[in-house]
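Examining the three-dimensional arrangement
Here is how the chains run, residue by residue.
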Amino acid sequence: MATVDIEAAGGLRRAARAAGFASGFECEVFYRLRGRGVWVEHEGLCVEYRGADGGFHRWTPDFAAANDALIEAKGRLHRSFQDAFADVLRACPRLDVRFVFQYPHRRGQVEGSPLTPAQWADARGLRWGTLDDIEALTGDLPRVRPAGPGAPLVAHVAGQTS
């Protein structure tokens, strides 16, 4: 992952996008995880699953940890993500997915729902945290780099198709 000068890039969001992140928050989560010694790969894994429509789909989590834990950084839960993620959970119920929410207790962050992101995650039995308590969320993750320079953590995870 490239390092970008935030001031030279014109702010955190532009610097994050220049470095390959979808948002400044995603960039902050990545560097907070790495700063805590948690080795994660940004968009280093693709989950294939069969959706409710019967077709095959792909979901690329924001981060994959060395023990196959998947970490998703979210400021807002758009309706399209909620629908796709419901299909992911149905197809692959044993995935270890953890969320880092930017605003976990703010209403209006879950599109089309009165729930907060924290309530949304709790209702689905998902682990979640914030940047401030990321150690509690990731304390059980390996603090090691995969073997070999540039070695991928996991190349592909196939969802259940039955």
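Heads up: the structure comes first, above all this text.
All values reported here derive from a predicted model rather than from experimental measurement.

1. Some details on the nonpolar core
Among the nonpolar cores identified, the biggest contains 20 residues, and Phe21, Val29, Leu33, Val40, Phe63, Ile71 and Val100 are the most heavily contacted of them. Going through the elements one at a time, helix H3 (24-35), strand E4 (63-65), strand E5 (70-74) and helix H6 (134-138) are the ones with two or more residues in this core. Examining the composition of this core, we find that 5 residues originate from one element, H3, more than from any other. Look past the residues within four positions of Ile71 in its chain and what remains in contact with it is Leu33, Val40, Pro61, Asp62, Phe63, Arg98, Val100, Thr138 and Leu141. Membership of the second largest hydrophobic core comes to 19 residues, among which are Phe81, Val88, Val97 and Val110.

2. Description of the pairing of strand E2 (residues 47-50)
Side chains of E2 alternate between two faces, with Val47 and Tyr49 buried and Glu48 and Arg50 left unburied. Looking at chain direction, E2 and strand E3 (residues 56-59) are connected through 4 bridges and run antiparallel. When the bridges of E3 are listed, Val47 appears paired with Trp59. With antiparallel pairing between neighbouring strands as the criterion, E2 and E3 make up a hairpin whose turn holds 5 residues, including Gly54 at a positive phi of roughly 90°.

3. Thoughts on unusual backbone geometry
Positive phi, close to 50°, is recorded for Glu43, a residue that is not glycine. As for its position among the elements, Glu43 is in the loop between strand E1 (40-42) and E2. Located in the positive-phi region is Asp68, a residue other than glycine, with phi close to 75°. Mapped onto the secondary structure, Asp68 falls in the loop between E4 and E5.

4. With respect to the pattern of salt bridges
Tallied over the entire structure, the rule returns 8 salt bridges. Between Glu48 and Arg58 there is a salt bridge, with the nearest N and O atoms lying 2.8 Å from each other. Note that Glu48 is positioned in strand E2 and Arg58 in strand E3, a separation of 10 residues in sequence. A residue is classified by how much of its surface remains accessible, and Glu48, at 24% relative accessible area, is partly exposed. Residues Arg98 and Asp96 are paired through a salt bridge, measuring 2.7 Å at the closest nitrogen-oxygen approach. Accessibility expressed as a relative area gives 1% for Arg98, which makes it buried. Look at the salt bridges and you will find they share partners, linking Asp96, Arg98, Arg127 and Asp140 into a network.

5. Digging into the packing of aromatic side chains
Taken as a whole, this structure holds 12 aromatic pairs when the rule is applied. Pairing Trp59 with Phe85 gives two aromatic rings, centres 5.4 Å apart and planes at 75°, and the pair type is edge-to-face. Placement of the pair is Trp59 in strand E3 and Phe85 in helix H4 (residues 79-91), with a sequence separation of 26 residues. By the burial criterion, Trp59 is buried, and Phe85 matches it. Measuring from centroid to centroid gives 6.1 Å for Phe101 and Trp128, while their planes differ by 45°, and the two rings are tilted. Residue Phe101 is found in strand E6 (residues 97-101), and its partner Trp128 is found in strand E7 (residues 127-129); the two are separated by 27 residues along the sequence. Classification of Phe101 as buried rests on a relative accessible area of 1%. Accessibility expressed as a relative area gives 23% for Trp128, which makes it partly exposed. Three or more aromatic residues link up through ring pairs in this structure, and these residues are Trp59, Phe81, Phe85, Phe99, Phe101, Trp120 and Trp128. Above the plane of the ring of Phe81 lies Lys74, whose end atom (NZ or CZ) is 4.1 Å from the centre.

Basis of the calculations
- Residues numbered from 1 in each chain as written.
- Predicted model: local features only at pLDDT ≥ 70, side-chain atom pairs only at ≥ 80, totals over all residues.
- Heavy atoms only, no water.
- Core = buried A, V, L, I, M, F, W, Y, C linked by side-chain atoms within 4.5 Å.
- Buried < 20%, exposed > 50% of the residue type's maximum accessible area, 1.4 Å probe, protein only.
- Helix = DSSP H or I, 4+ residues; strand = E, 2+ residues; numbered from the N terminus.
- Contact = heavy atoms within 4.5 Å.
- Pairing = 2+ DSSP bridges.
- Salt bridge = Lys/Arg side-chain N within 4 Å of Asp/Glu carboxyl O.
- Phe/Tyr/Trp six-rings, centres within 6.5 Å; stacked < 30°, edge-to-face > 60°.
- Lys NZ or Arg CZ within 6 Å of the ring centre and 35° of its normal.

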